Amino acid sequence: KTDPHTLALFYHANEDTQRLETQLAKMKRSGREAQMKVKEMMRLLRQSQQALMDIVMQCIEEAVPESERASRDFRVKYPDDLMMETLNGGLWQSAEILSSGQSIVNRGEQSSEIRPLSRHVIAAIGVVRETLMSQALVNLDSYSPHTRDVLCWFDHVWTEYECSYVSNMCPIFTVAQFEQMEECVVMFSETTQRAIELGYLSQEMLETYDPILMFSIPRLAIVCGLVIFPHGPLDLERKFCDIPECFRTHLSLLARIRELLRCLDSSELTELEKALCSAEGIGELARDTSGKPVRVKSTKKSTSSEQQTSEDMENTENMQEGSENTGDMAAIQASETARRK
């Protein structure tokens, strides 16, 4: 086991994996009393499979020229939380589950779709293991043409399964979704720049990561996206599929906000945006004798109109909880209060 050759490492890793596979098969036939041991054995087997597949990939890197390797450009779309270090072991495990007729939890349709490919992958793993074991017994220093061909073939099969499995089981962005996300980034960026130019926010707040930015920028972005930059990602006249997913569940609420915002003149809109940047919250906006919106403190006794506004605010807050990325919908609270008053 001290031999540094990659094929020697594969030989011993394959022997360990085969031993664990045999022991696990015997334990599964022994009954309930061995369930705890089965779980521990499965954990060890997964670790062994991960190590073995890593060595196989190392063999592919040594034996197959880069020009003949399968492309893995699709990995740039992977979520940040996808653990690449344990990806190969996880793919092997998933292929075993799917090929046995089982399905991934909450992914029944996707499991059925890639099941044929998973069975092909399991067969390919058996072929490449057998081929590399034969090569290790003959020559540890080089790969025969047959071994190179098998490794090249397996590289393409494995890559196809990886792409198919991850794209079906993980949230992978499409080209359209990437473009929509970029539009949202631009909208937030232009909103922030505009807020600095108008004095709502300061450059120092950005440089020091002022916590109020987590609330004020999303609030301002909703206002700007609806009335200042109406042809951006919050253009409600677009087709449903062209609107970013994070906003789709709030279309009726966004339409209502837009209607109320259009009722405000420039001075009222400015007052609203300043209120949305306040660390104290937007409070209640009323009108003085000149018609200019001013902030007032709420009283203990409320009128029926104020109670209705409170209910609308509560409904708005409940709708906000269903979204992770739409930002704070507080614009509806201030604009509707201004309109009612």
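Whatever comes next refers back to the structure up there.
Nothing here was measured: the structure is a model prediction, and the numbers come from that model. (Residues numbered from 1 in each chain as written. Predicted model: local features only at pLDDT ≥ 70, side-chain atom pairs only at ≥ 80, totals over all residues. Heavy atoms only, no water.)

Draft legend 1. Structural context of the nonpolar core. In terms of nonpolar packing, the biggest core is built from 40 residues, with Met 53, Leu 132, Leu 151, Phe 154, Trp 158, Tyr 161 and Tyr 165 touching the most fellow members. Per-element tally for this core: the top contributor is helix H5 (residues 145-169), with 10 residues. Excluding residues that lie within four positions of it along the chain, Phe 154 makes contacts with Met 53, Val 56, Met 57, Ile 60, Ala 124, Ile 125 and Val 128. (Core = buried A, V, L, I, M, F, W, Y, C linked by side-chain atoms within 4.5 Å. Buried < 20%, exposed > 50% of the residue type's maximum accessible area, 1.4 Å probe, protein only. Helix = DSSP H or I, 4+ residues; strand = E, 2+ residues; numbered from the N terminus. Contact = heavy atoms within 4.5 Å.)

Draft legend 2. Inspection of the side chain of Glu 273 at higher detail. Considering the arrangement of structural elements, one finds Glu 273 in helix H11 (residues 266-276). Here Glu 273 falls in the buried class, since its relative accessible area comes to 1%. Here the side chain of Glu 273 touches Arg 194 through a polar contact of 2.8 Å, side chain to side chain. In this structure Glu 273 touches Arg 194, Tyr 200, Leu 220, Val 223 and Cys 224, once residues within four positions along its chain are discounted. (Polar contact = N/O pair within 3.5 Å; in protein donor to acceptor, adjacent residues only side chain to side chain.)

Draft legend 3. A look at the pattern of salt bridges. Overall, the coordinates contain 9 salt bridges when judged by the stated rule. With a shortest N-O distance of 2.8 Å, Arg 238 and Glu 183 are connected by a salt bridge. On the criterion of sequence distance, the pair formed by Arg 238 in the loop between helix H8 (213-228) and helix H9 (245-248) and Glu 183 in helix H6 (residues 175-197) is long-range, its members being 55 residues apart. Judged by relative accessible area, which is 29%, Glu 183 ranks as partly exposed. Between Glu 273 and Arg 194 there is a salt bridge, with its nearest N and O atoms 2.8 Å apart. With a gap of 79 residues between them, Glu 273 in helix H11 and Arg 194 in helix H6 connect regions that are remote in the sequence. Note on accessibility: Glu 273 and Arg 194 belong to one class, buried. (Salt bridge = Lys/Arg side-chain N within 4 Å of Asp/Glu carboxyl O.)

Draft legend 4. View of the packing of H8 against H11. Where H8 meets H11, the axes come as close as 9 Å, and the angle between the chain directions of the two elements is 155°. Taken together, H8 and H11 sit at an angle that is classed as roughly antiparallel. Taken together, the residues of H11 that come into contact with H8 (itself represented by Ser 216, Arg 219, Leu 220, Val 223, Cys 224, Val 227 and Ile 228) are Leu 269, Glu 273 and Leu 276. Looking at the contact of H8 with H11 residue by residue, the classes come out as 7 nonpolar, 1 polar and 2 charged. (Axes fitted to C-alpha atoms, helices over the stretch in contact; angles between N-to-C directions. Parallel < 35°, antiparallel > 145°, perpendicular 65-115°, else oblique. Nonpolar A, V, L, I, M, F, W, Y, C, P; charged D, E, K, R; others polar.)

Draft legend 5. The arrangement of the packing of helix H3 (residues 87-99) against H5 in detail. The N-to-C vectors of H3 and H5 enclose an angle of 80°; their axes lie 11 Å apart at closest approach. Between H3 and H5, the angle is such that the two are roughly perpendicular. Side by side, H3 and H5 meet where Leu 87, Asn 88, Leu 91, Trp 92, Ser 94, Ala 95 and Leu 98 of the first sit next to Trp 158, Tyr 161, Glu 162 and Tyr 165 of the second. A class-by-class count of the residues in the contact of H3 with H5 yields 8 nonpolar, 2 polar and 1 charged.

Interpretation in functional terms is not warranted from these geometric data alone.
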